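One letter stands for each residue in the lines below.
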Amino acid sequence: MFLQFTTLTKDRQWREFSCQLDELEVGLDVLLSIVKMGDQLINAYLTDGDSRLALPVEAFEGDSFSEPIGQLKREWEQLLAQPPVSQSLTSVDWRKTEVIEPLIALKQRRIDGLQDTLNQMQQLLYTTELGMQEGPYKTRLITHYELIINRYTNSIARIENIYPSFSVTAN
C-alpha cells in the first residue's frame, strides 16, 4: 500500500511525498503529525494495487489514529475468533417465526384493508344503481365507483402476486 500526499509548508512551498506503508494507521498518523507541525495538507491518496482512495484532508486534526484503529482491529479479530452461531439460532423454525410469519401477517392485513374498502365501494355502486334517478350524474358516479372497484381488485391481485405464499427450505 502506498501513501501519496501534497502539503503546503508554513513558508508557502508545495511539497509532494509518497511512501510505502505496512500498516494503514502508521500512514494516517504521519499525515496527522505533518498537520500538527503546521503544514497544510492539500490532498492525500492511498493506493493499493489498482485501487486509489482519496483521503479527506479535513479528518487530519486531533488525536492519533493508531489507538482507535488498533482497538477496532482487536475487536474484529476477537469476533472472528469466536465460534460460529449455533444451528439452533439459524434454524428454519427461527427464520419462520422471526421473519416469514410477520411478512405473512403484513400481507394479510394489507389485503384485508383493501378488501374492506372494496366491499364499501361495491355497496356504494349497488346503492347508486338502485337508488338514484337516471341521468349524467348517476352515470359519472357509477363509472367512478367501477374504476375504484377495478383499482382495488387489481391492488389485491398485485399484492397476492408480489408476496406469494412463503415457503421455508433448510440451507
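Let me begin by describing the structure that accompanies this report. (Residues numbered from 1 in each chain as written. Predicted model: local features only at pLDDT ≥ 70, side-chain atom pairs only at ≥ 80, totals over all residues. Heavy atoms only, no water.)

1. Some details on a nonpolar patch on the surface
Together, Leu72, Trp76 and Leu80 line one region of the surface with nonpolar side chains, adding up to about 360 Å² of accessible area. Residue placement: Leu72 occurs in helix α2 (residues 66-81). (Patch = residues over 30% accessible without salt bridge, like charges linked within 9 Å, V, L, I, M, F, W, Y side chains within 5 Å. Areas by Shrake-Rupley, 256 points an atom, 1.4 Å probe, with all protein chains shown as cover. Salt bridge = Lys/Arg side-chain N within 4 Å of Asp/Glu carboxyl O. Helix = DSSP H or I, 4+ residues; strand = E, 2+ residues; numbered from the N terminus.)

2. With respect to the environment of Ser18
Along the chain, the position of Ser18 falls in strand β2 (residues 14-20). Looking at Ser18, the relative accessible area reads 55%, which means it is exposed. Spatially, the C-alpha atom of Ser18 lies 6.8 Å from that of Phe2, the residues being 16 residues apart in sequence. Once residues within four sequence positions are removed from consideration, Ser18 is found in contact with Leu3 and Gln4. (Buried < 20%, exposed > 50% of the residue type's maximum accessible area, 1.4 Å probe, protein only. Contact = heavy atoms within 4.5 Å.)

3. Describing the environment of Thr139
Mapped onto the secondary structure, Thr139 falls in helix α4 (residues 136-162). What makes Thr139 partly exposed here is its relative accessible area of 47%. Sequence-wise, Thr139 and Thr128 are eleven residues apart; in three dimensions their C-alpha atoms are separated by 9.5 Å.

4. So, the nonpolar core
Ranked by size, the top nonpolar core spans twelve residues in total: Ile111, Leu114, Leu118, Met121, Leu125, Leu141, Ile142, Tyr145, Ile148, Ile149, Ile156 and Ile159. At the level of secondary structure, the elements contributing two or more residues to this core comprise α3 (92-131) and α4. Element by element, the count of residues in this core is highest for α4, at seven residues. Residues in contact with Leu125, not counting those within four places in the same chain, are Ile142, Tyr145, Glu146 and Ile149. One finds Leu21, Leu28, Leu31 and Phe60 within the second-largest nonpolar core, a separate group that totals eleven residues. (Core = buried A, V, L, I, M, F, W, Y, C linked by side-chain atoms within 4.5 Å.)

5. Thoughts on the pattern of salt bridges
Scanning the model with the defined rule gives one salt bridge in all. A salt bridge links Lys138 to Glu134, with the nearest nitrogen and oxygen atoms 2.9 Å apart. The exposure class assigned to Lys138 is buried, which follows from its relative accessible area of 5%. Glu134 gets classed as exposed once you look at its relative accessible area, which sits at 68%.

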